[in-house]
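One-letter residues, chain by chain:
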Amino acid sequence: SDSVRAVRLVTSFIRLAFIKDTLAVINTAFILTMILRLLNFLEFHPKLGIISRTLSKSASTLIHFAVSMILVLAGFALVAWMLFSPRSSQFRTFSSSVASTFRLL
C-alpha cells in the first residue's frame, strides 16, 4: 500500500543521508592524508621543507592548543545551550550550540 511505500522511501532517504555523511568523513580523512603526504614530499627541498619542519617541531604545542581550544569551546557551548536553548533555535541541541558558539568565536 501507499503507507508501506512511503515508509520504505523515508528509510531509503535516511540510509542515503547516512551514506552521504560517511562519505564526507572519508573524503575529509583522504584530503588530510594527501596534504600530509604533500608536506612530507616537499621536505626534501630546503625552502619548501620549512613548512613540514616547523609543523613537526611545533606538533606538541599545536596539539595542546587544540585540546585547550576544544575544552573552552565545549564549555562555552554547554553554558550557551543551558541558557539559550529555551529561547533560540540555534542553541536547541548541544550540537547546534557547538556550531553556533564556533561561529561566534
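Keep in mind that this is a model prediction, so the values were computed, not measured. (Residues numbered from 1 in each chain as written. Predicted model: local features only at pLDDT ≥ 70, side-chain atom pairs only at ≥ 80, totals over all residues. Heavy atoms only, no water.)

Hey, could you run me through the pattern of salt bridges in this one?
As a working rule, side chains carrying opposite charge can pair if their charged atoms are close by. The tally for this structure, following the rule as stated, stands at one salt bridge. Taking the shortest distance from any N to any O, the salt bridge between aspartate 2 and arginine 5 comes out at 3.5 Å. Here aspartate 2 and its partner arginine 5 are both found in helix H1 (residues 2–41), three residues apart, which amounts to about one turn of the helix. Using a relative accessible area of 57% as the deciding quantity, one classes arginine 5 as exposed. (Salt bridge = Lys/Arg side-chain N within 4 Å of Asp/Glu carboxyl O. Helix = DSSP H or I, 4+ residues; strand = E, 2+ residues; numbered from the N terminus. Buried < 20%, exposed > 50% of the residue type's maximum accessible area, 1.4 Å probe, protein only.)

Where do I start with the environment of serine 97 in this structure?
With respect to the helices, strands and loops of the structure, serine 97 is situated in helix H4 (residues 94–104). Separated by 69 residues in sequence, serine 97 and threonine 28 place their C-alpha atoms 23 Å apart. What serine 97 contacts, discounting residues up to four positions off in sequence, is Ala77, Ala80, Trp81, Gln90 and Phe91. Polar side-chain contacts of serine 97 include one of 2.8 Å to the backbone oxygen of alanine 77. (Contact = heavy atoms within 4.5 Å. Polar contact = N/O pair within 3.5 Å; in protein donor to acceptor, adjacent residues only side chain to side chain.)

Even after reading the chapter, I still don't get the packing of aromatic side chains, so can you show me in this structure?
Think of a pair of aromatic rings as described by two things: how far the centres are apart, and how the planes are tilted against each other in angle. This structure, assessed with the given rule, holds three aromatic pairs. A ring pair is formed by phenylalanine 84 and phenylalanine 91, whose centres lie 5.5 Å apart and whose planes are at 50°; its orientation type is tilted. Looking at phenylalanine 84, the relative accessible area reads 37%, which means it is partly exposed. (Phe/Tyr/Trp six-rings, centres within 6.5 Å; stacked < 30°, edge-to-face > 60°.)

Would you take a moment to explain the confidence of the model for the protein for this structure?
For any part of a model where pLDDT is low, the fine detail of the predicted coordinates should not be relied upon. Considering every residue of the protein, the mean pLDDT works out to 91; 100% of them sit at 70 or more. When mean pLDDT is taken per element in the protein, helix H3 (residues 59–84) scores highest with 95 and helix H2 (residues 49–57) scores lowest with 86. (pLDDT = per-residue confidence, 0-100.)

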